[in-house]
Amino acid sequence: MGVVAARSSCPLRLKRRLLLLLGLCSWTAALRGNDNSEALPESIPSAPGTLPHFMEEPDDAYIIKSNPIVLRCKAMPAMQIFFKCNGEWVHQNEHVSEESMDETTGLKVREVFINVTRQQVEDFHGPEDYWCQCVAWSHLGTSKSRKASVRIAYLRKNFEQDPQGKEVPIEGMIVLHCRPPEGVPAAEVEWLKNEEPIDSNLDENIDTRADHNLIIRQARLSDSGNYTCMAANIVAKRRSMSATVVVYVNGGWSSWTEWSNCNARCGRGWQKRSRTCTNPAPLNGGAFCEGMSVQKITCTSLCPVDGNWEVWSEWSVCSPECEHLRVRECIAPPPRNGGKYCEGLSQESENCTEGLCVQDIETASDIALYSGLGAAVIAVAVLVVAVTLYRRSQSEYGVDVIDSSALTGGFQTFNFKTVRQGNSLLLNSSMQPDLTVSRTYSGPICLQDPMDKELMTESSLFNPLSDIKVKVQSSFMVSLGVTERAEYHGKAHSGTFPHGNNRAFGTIQARNKATYIQNLSSISTTSELKTTAIFGHLGGRLVVPNTGVSLLIPHGAIPEESSWEIYLAITQKESSLQPEGTDVLLGPEVTCGPSDLSVSTPFALTIPHCAEVNSEHWNIHLKKRTQQGKWEEVMSVEEETTSCYCLLDPYACHILLNSFGTYALIGEPISDCAVRQLKVAVFGCLSCNSLDYNLRVYCMDNTPCAFQEVVSDEKLQGGQLLEEPKLLHFKGNTFSLQISVLDIPPFLWRIKPFTACQEVPFSRVWCSSQKPLHCAFSLERYTPATTQLSCKICVRQVKGHEQILQIQTSILENERETITFFAHDDSNFPAQMGPKAFKIPYSIRQRICATFDTPNAKGKDWQMLAQKTSINRNLSYFATQSSPSAVILDLWEARHQHDGDLDSLACALEEIGRTHSKISDITETEIEEPDFNYSRQNGL
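Residues numbered from 1 in each chain as written. Predicted model: local features only at pLDDT ≥ 70, side-chain atom pairs only at ≥ 80, totals over all residues. Heavy atoms only, no water.

### A short note on the pattern of salt bridges
Here the structure, examined in full by the defined rule, presents 24 salt bridges. The partner of Arg-541 in a salt bridge is Glu-893, and the shortest N-O contact between them spans 3.7 Å. One end of the pair, Arg-541, is in strand S31 (residues 540–544); the other, Glu-893, is in helix H11 (residues 884–895), with 352 residues separating them in the sequence. For the pair shown, Arg-541 and Glu-893 are each scored as buried. Salt-bridge contacts for Arg-696 lead to Glu-714; the nearest nitrogen and oxygen are separated by 2.7 Å. Of this pair, Arg-696 sits in strand S43 (residues 692–701) while Glu-714 sits in helix H6 (residues 704–717), and the two are 18 residues apart along the sequence. Each member of the pair, Arg-696 as well as Glu-714, is classed as buried. Residues joined by salt bridges that share partners form a network here, namely Glu-56, Arg-72 and Glu-111. (Salt bridge = Lys/Arg side-chain N within 4 Å of Asp/Glu carboxyl O. Helix = DSSP H or I, 4+ residues; strand = E, 2+ residues; numbered from the N terminus. Buried < 20%, exposed > 50% of the residue type's maximum accessible area, 1.4 Å probe, protein only.)

Structure (structure tokens):
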């Protein structure tokens, strides 16, 4: 039986092997076909052995951009491994197979790779994600791996919800919501505070794990800041809009002070106590304390009763010394409640014998006393005579008494070279001065008005300095090696120096001073805001003093042998330009003319503005008034055009134009973050009532002309600037402006109830193009003896910027300290004609234009000159000019009319030369030097 059974099993084993070979042949033929339409068998005839075991299965993967991903599969034992994607077999040619032997078991190990591209995933349209699966065969059968999904990774740009700013009271809860952009895989969220990552593990008060939100359980002052939500996955990172969190503190009252003494010495009066809003003080816009800071109650004081004498008593019996006396007491009535004691003697004595009583002559002690007094009187008389004689003898020398306060005034040290002529003021006129040496005069040359103190009133004192010659040499000329030098000659007046400091200030002072300190009294109240001058072919500059408005006529703009009378004016009345909606007039309305003239080269018009320059918040337009009185738009500042050019600096706009007319800048706010800069100034003066003092707070555009108008009006009213003006950033967020007076001394000054704070609507501040906004406060002092005022002026925008002006002044004019302000040094030179109007000498200008107007293969043309002078926009305008470099230099002149920083221009030209010198050394090694190199040593 065993033999028969063995024989019957051999044909069965052979049959299984044949079936296995047939299955493998049909499976191989299907893989080698041109398409995957024929399905592979899910199993093949089994044979003795082990089913395949997957050592590595394909993982889920993401396709980043256009980079394909690799899926791998590894099984043991395995005769073949193939991938099936989305139910279809992957072609055999797309498989990469590796085969090895497991050293431990001796079984065959097979590893297979395939690539999946972005196009394959995008072309698949099914109910589920694109997937792939591994199928492995062994002698025993087949095994399938897990399904691995393949998805295209992305991260959208916009957040579904940005965090919003909050104002939270201290110890309140802060919740900032953030919903990141849609993405695959889902983005992970991280929070930043002031650009620094937040680690919730280091601060138990912060939780960032709740659905991407940021939770601060108890707000602290240190939690104020800008918060940003960061979302990131394997594709990209995205930033949300920043949310500003302000933790504010509401004010709290301190404890009451003790009750004061009753203010009435007699009868009914009052006593008071006070408290301050400092426990805590309001912070970050927190609410001020509610309630009264002072409490008063009535009181009654007992009236004082002054004492009075009773009648004299009878005279006493005559004493052995021949005297008798009488007494009285202060009991009719006696002093009570602090009353005065009786004045006079309580006892009197007199001789009771009518001179008949004889006594001994003075004793020896009396004689010694009288002798000493006589000697002292004689000594004093001798001393007085001696001092008098000495002073008379000294007066013959004519000693001058000089007020030492002059030494504390402003003075400068000057270096003068002595003139080659005699000096009548020398002590010995016969002595000839040494003319070969340079003498230095260093001393307190007072720059104040000499009328205040009678010091050095003779003009001959400064005669030795009458022929001063000061040479001003520009470092720019030195750097370019040019021999031309501008010489400025100043001749002293015959009067006292410096009587009228306008004469010598611009000559002797260093020219790189951009500003000078000017007193309020120097502003003329009757000056017309208009300047006129006659210009020729050489050009020049017109300036409206102390307004920031100027006009630059370039060299060659006016035809040769022609002279034009050109004027520059500012409209002082209300502007005819009425902005629409929330548009703002950002500066003065400026007129230059005559309007019928046209120039061959663009002129530069400078108009100050009050906008905080930011293209994301402002859209600024230039408008021109037509002859019919209507306003038409010329261009937008950010616009690319060849008709004109606008360059916007932080405080002024420089415009290149070809036609005269009336121009104005209009600002269109794009967002609530648009800022209009306001200058806040406080003036004060006594009112008709000698006990009242008026405070006037002005909020005006941050332009010089607006401030000059306020100063002129205040000078007419007798106002005095009490504190240096400050800058307020007023946002276009529809919140109003609050002006309040704080910390008034309660026992010295008082203000009417409910008048210490005034609120101005947003539209009145933002859209007003009329006169500067001002609020008036009236303070009353209790007694005329109060001459000092100390308080604070708070100007703030609700939920915005705040400025505090500390007032510390005397209300008496002779004791008041003068507050100075800064203005450009242009009041002495409203019109400059010819070369004096330009910072760059004409010869240097010609050489620069000749170099940069010619195209150069190395790139050293006018475009690089524009780049080095910070002109990076609308270069097509310069390309249409006959000399682009000349127009660029004209714009540089307009921007640097006050500082004249020629060194920076020289450095820019040197940098161009050095950069291309290095390039030429590499590419053209045989060239000895570059064709254009501004060197401080060699020049042009």
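### Some details on the environment of Thr-662
Inspection of the secondary structure assignment puts Thr-662 in strand S41 (residues 661–669). Taking the C-alpha atoms as reference points, Thr-662 and Leu-568, 94 residues apart in sequence, are found 9.8 Å from one another. With residues near it in sequence (within four places) discarded, Thr-662 still touches Glu-589, Val-590, Thr-591, Lys-623, Lys-624, Arg-625 and Trp-631. Within polar-contact distance, the side chain of Thr-662 engages the side chain of Thr-591 at 2.9 Å. (Contact = heavy atoms within 4.5 Å. Polar contact = N/O pair within 3.5 Å; in protein donor to acceptor, adjacent residues only side chain to side chain.)

### Examining the state of the cysteines
Under the defined criterion, the tally for this structure stands at eight disulfides. Each sulfur in the disulfide pair Cys-277 and Cys-289 lies 2.0 Å from the other. Taking the sign of the S-S torsion, 80 degrees for the link of Cys-277 and Cys-289, the bridge is right-handed. With a gap of twelve residues between them, Cys-277 in the loop between strand S21 (267–274) and strand S22 (294–301) and Cys-289 in the loop between S21 and S22 connect regions that are remote in the sequence. Since its relative accessible area comes to 8%, Cys-277 is described here as buried. (Disulfide = S-S within 2.5 Å.)

### Considering the packing of helix H8 (residues 842–852) against H11
Running from N to C, H8 and H11 cross one another at 135 degrees; their axes reach a closest spacing of 8 Å. In terms of orientation, H8 and H11 fall into the oblique class. Read as a crossing pair, H8 and H11 show a hand that is right-handed. Touching Arg-845, Ile-848, Cys-849 and Phe-852 of H8 are Ser-885, Ala-886, Leu-889 and Asp-890, all from H11. Of the residues in the contact of H8 with H11, the class split is five nonpolar, one polar and two charged. (Axes fitted to C-alpha atoms, helices over the stretch in contact; angles between N-to-C directions. Parallel < 35°, antiparallel > 145°, perpendicular 65-115°, else oblique. Left-handed = near helix turned anticlockwise from the far one by under 90°. Nonpolar A, V, L, I, M, F, W, Y, C, P; charged D, E, K, R; others polar.)

### What about the pairing of strand S42 (residues 675–686)?
The element S42 is largely enclosed, with a buried count of eleven among its twelve residues. By the bridge criterion, six bridges tie S42 to strand S45 (residues 726–731) in an arrangement that is antiparallel. Paired with Leu-678 across the strands is Leu-728, a residue of S45. Of the strand pairs in this sheet, S42 and S43 are connected by nine bridges, and their pairing is antiparallel. Along S43, the bridge assignment pairs Ala-681 with Tyr-698. The antiparallel hairpin formed by S42 and S43 contains five residues in its connecting segment. With two bridges joining them, S42 and strand S44 (residues 720–721) adopt antiparallel strand pairing. Counted as the bridge partner of Gly-684 is Gln-720 from S44. (Pairing = 2+ DSSP bridges.)

### Section: a nonpolar patch on the surface
Among the surface-exposed residues, Ile-170, Leu-221 and Leu-283 lie close enough to one another that they form a single nonpolar patch of about 230 Å² accessible area. One can find Leu-221 in the loop between strand S17 (214–216) and strand S18 (225–232). (Patch = residues over 30% accessible without salt bridge, like charges linked within 9 Å, V, L, I, M, F, W, Y side chains within 5 Å. Areas by Shrake-Rupley, 256 points an atom, 1.4 Å probe, with all protein chains shown as cover.)

### Focus: the packing of aromatic side chains
Taken as a whole and judged by the stated rule, the model has 14 aromatic pairs. Relative to Tyr-341, the ring of Trp-309 has its centre 6.3 Å away and its plane inclined at 85 degrees; by these criteria the two rings are edge-to-face. Here the residue Trp-309 occupies a position in the loop between S22 and strand S23 (323–327), and Tyr-341 occupies one in the loop between S23 and strand S24 (347–351), the gap between them amounting to 32 residues. Relative accessible area serves as the criterion here: at 58%, Tyr-341 is assigned to the exposed category. Summarising the aromatic geometry, the rings of Phe-730 and Phe-762 are spaced 5.7 Å apart at their centres and angled 15 degrees between planes, so their arrangement reads as stacked. With Phe-730 in strand S45 and Phe-762 in helix H7 (residues 762–766), this pair connects stretches of sequence that are 32 residues apart. (Phe/Tyr/Trp six-rings, centres within 6.5 Å; stacked < 30°, edge-to-face > 60°.)

### Let's talk about the sheet that holds strand S3 (residues 69–76)
The strand order across the open sheet formed by four strands is S1-S3-S7-S6, and the pairing between neighbours is antiparallel. Looking at strand neighbours, the two that pair on one side only are strand S1 (53–56) and strand S6 (96–101), the edges of this open sheet. Geometrically, the sheet is characterised by an average inter-axis angle of 25 degrees between neighbouring strands, direction not taken into account.

### Brief notes about the environment of Trp-315
With respect to the helices and strands, the residue Trp-315 is situated in the loop between S22 and S23. Taking the relative accessible area as the measure of exposure, Trp-315 reaches 31% and is therefore partly exposed. Each C-alpha atom, one on Trp-315 and one on Glu-348, is 9.2 Å from the other, the two residues being 33 residues apart in sequence. When sequence neighbours within four positions are dropped, the list of residues in contact with Trp-315 reads His-324, Leu-325, Arg-326, Glu-348, Ser-349 and Glu-350.

### Notes on H11
In a regular helix each residue adds 1.5 Å, so twelve residues correspond to 16 Å; H11 covers 17 Å between its end C-alpha atoms and thus fits that length. Burial runs high along H11: eleven of the twelve residues are buried. Here H11 has its buried residues at Pro-884, Ser-885, Ala-886, Val-887, Ile-888, Leu-889, Asp-890, Leu-891, Trp-892, Glu-893 and Ala-894. (Expected span 1.5 Å × (residues − 1).)

### A word on the nonpolar core
Judged by nonpolar contacts, the single largest core of 71 residues is most densely connected at Leu-551, Leu-695, Leu-737 and Ile-793. Contacts of Leu-551, omitting those with residues within four sequence positions, involve Gly-540, Arg-541, Leu-542, Ile-566, Leu-568, Cys-592, Phe-603, Ala-604, Leu-605 and Phe-660. Of all hydrophobic cores here, the second largest spans 30 residues; its members include Ala-837, Met-864, Leu-865 and Leu-889. (Core = buried A, V, L, I, M, F, W, Y, C linked by side-chain atoms within 4.5 Å.)

### Regarding the side chain of Arg-238
Mapping Arg-238 onto the fold places it in strand S19 (residues 237–239). Asp-162 is the oppositely charged side chain nearest to the buried, salt-bridge-free Arg-238, at an N-O distance of 11 Å. Looking at Arg-238, its side chain comes within polar contact range of the main-chain oxygen of Leu-155, at 3.0 Å. Sequence-distant contacts of Arg-238, defined by excluding residues within four places in its chain, comprise Leu-155, Arg-156, Lys-157, Phe-159, Pro-181, Cys-229, Met-230 and Ala-231. (Lys, Arg positive; Asp, Glu negative; His and termini not counted.)

### Here we look at H6
With 14 residues, H6 extends 20 Å from end C-alpha to end C-alpha; this agrees with the ideal 20 Å at 1.5 Å per step. When we look at burial in H6, the residues that qualify are Cys-705, Ala-706, Phe-707, Gln-708, Val-710, Val-711, Ser-712 and Glu-714. One or two residues past the end of H6 sits Gly-718, with phi positive at roughly 80 degrees.

### Structural notes on the sheet that holds S31
Paired through backbone hydrogen bonds, the strands of a sheet run either parallel or antiparallel to each other. What the six strands build is an open sheet, ordered S39-S40-S36-S32-S31-S53; its pairing is antiparallel. Single-partner strands in this sheet number two, and they are strand S39 (645–648) and strand S53 (831–833). When strand polarity is set aside, the average angle formed by the axes of neighbouring strands in this sheet is 15 degrees. One ladder, built from seven bridges, connects strand S36 (residues 598–608) with strand S40 (residues 652–659); its direction is antiparallel. What sits directly across from Ser-598, in S40, is Ser-659.

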